[in-house]
Structures are given as structure tokens and as C-alpha cells.
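# Observations on chain architecture
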Amino acid sequence: FTYLSPISLQQRVSKVVTGGFFNINVEKIQKVLLQEPWVKEVSVNRTWPDRITVTIREQIAIAQWGESGLMSSDAQMFYPDPATFPDNQPIVIGPDSSVRQVMEYLLQIQNVLPKEITVNELILSERRSWDLKLNNGVVIRLGKENVVSRVEKFFHYYSQKNISNFEQIEYVDMRYTNGFVIRLNSSVKPDLNNRQENYGKKI
């Protein structure tokens, strides 16, 4: 286990194990263990002559859902103590009905990003529009359609042009049919103004 304590689980079980070998309530054991959010599945079996075998599968979290929940690898939501949330998980946000779609897009996007770039946030708005925030702070506005291919399109350009000032980008708007817009952050604008004055042309 990564997030579960065998001792704590044994203590939970001991509170409901009563009676003889044949009278032990297996369903009650399963129920009390499933109250622990990090428990995904429980199997309880009697082993003759005097043993109860409990097999537990732990949840595997692939993302944090908003501020209070986690998303499992099979697109199920669970709500453990926030103190147990894994570090450096991407944060995903969307309507409750969109959990599986958000998970699928998250995994697809992670597969097309360069190895040094990771997902910080993936947000699906109520209007079904997608925004992606990367670990370097850059926001990519993806719109409603062709979400993954738009991410691929930008990073194809990024790799071809070898952008050296990627960290200076505030956001990228990919919602155009034949191109995209890059907006630089405010710290870069004074330098651009100086270049315009020095070279006498727009940049």
C-alpha cells in the first residue's frame, strides 16, 4: 500500500468481527473497509479452519478533481483526506457528468506533450470549452473541438521553431482554424517597445 495502513484496516475489521467462524458477516467486513476512501475493492473469504482472508486493492489517483476529490485510473471519483493527496498531481475541473471525458483528454494530452512539459490544470467550462495550463504557467486555450490535435499542432510548431522564450508566453489561443495567437506576459512588453524604438518597425 502507498496510502493505506494495514494496521488501521485491521482495526476497522476487528470492530465488526464477532461470533464463530461460520457466523462472521462477510458483507459487513467489506462494507466497513469500503468506508475508507483509498480502498478501491475488497474481497473477503473464509479459510478453514479459523482464518478470514481479506484482499484489498488500493485506489490509483491520476489527477486531483477540483479542491476536494481525486480521480482514479478508471475515471471514478473518491474523496480522501486532502492531507493524503499525492504531490504534483494535475488538477482537473469540469461538470460532474464529464469525469470520463476529462480523464481521456488528460491522458491523451499527456502523451503528446514534450517530456519536459507537464499538465498543471485541465479545465472544461460549463460551456464545454477547454483550457490547459502547463507546469511553466503557460495557458493554452483549446476551445470546444479538436482539443488534442490543437495541442499537437502547437507543440509541433514549438519543436520546429525551437522557441527559446517559452517561459515568456502568457497564453496561446488555439481557437483559430488556420493558425493561433501567442500573447507574451507583461514582463516582456517593455523590451518589445524598446526594440520597436530602436529598429523603427513593428515586431
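Summary of the structure given here. (Residues numbered from 1 in each chain as written. Predicted model: local features only at pLDDT ≥ 70, side-chain atom pairs only at ≥ 80, totals over all residues. Heavy atoms only, no water.)

On to unusual backbone geometry, then. Following Trp48, the chain continues into Pro49 via a peptide bond in cis, with omega recorded as 10°. Despite not being glycine, Arg128 has its phi angle at roughly 70°, a positive value. Residue classification places Arg128 among the partly exposed positions, given a relative accessible area of 34%. Unusually for a residue other than glycine, Asn146 sits at a positive phi of about 50°. With respect to the element layout, Asn146 can be found in the loop between strand 9 (139-143) and helix 4 (147-161). (Buried < 20%, exposed > 50% of the residue type's maximum accessible area, 1.4 Å probe, protein only. Helix = DSSP H or I, 4+ residues; strand = E, 2+ residues; numbered from the N terminus.)

Another aspect to go through is the pattern of salt bridges. Under the counting rule described, the total for this entry stands at five salt bridges. Between Glu36 and Arg12 there is a salt bridge, with its nearest N and O atoms 3.9 Å apart. One end of the pair, Glu36, is in the loop between helix 2 (26-34) and strand 1 (39-47); the other, Arg12, is in helix 1 (residues 6-14), with 24 residues separating them in the sequence. With relative accessibility at 17%, the residue Glu36 sits in the buried group. With a relative accessible area of 24%, Arg12 lands in the partly exposed category. With its nearest N and O atoms 2.8 Å apart, the salt bridge here joins Arg175 to Asp173. (Salt bridge = Lys/Arg side-chain N within 4 Å of Asp/Glu carboxyl O.)

Next up on the list: the packing of helix 1 against helix 2. Contact pair helix 1 / helix 2: the axes reach a minimum separation of 9 Å and the direction vectors enclose 135°. The pairing of helix 1 with helix 2 is recorded here as oblique in orientation. Pair helix 1 / helix 2 crosses with right-handed handedness. Of the residues in helix 2, those touching helix 1 at Leu9, Arg12 and Val13 are Ile29, Val32 and Leu33. A per-class count over the contact of helix 1 with helix 2 returns five nonpolar, no polar and one charged. (Axes fitted to C-alpha atoms, helices over the stretch in contact; angles between N-to-C directions. Parallel < 35°, antiparallel > 145°, perpendicular 65-115°, else oblique. Left-handed = near helix turned anticlockwise from the far one by under 90°. Contact = heavy atoms within 4.5 Å. Nonpolar A, V, L, I, M, F, W, Y, C, P; charged D, E, K, R; others polar.)

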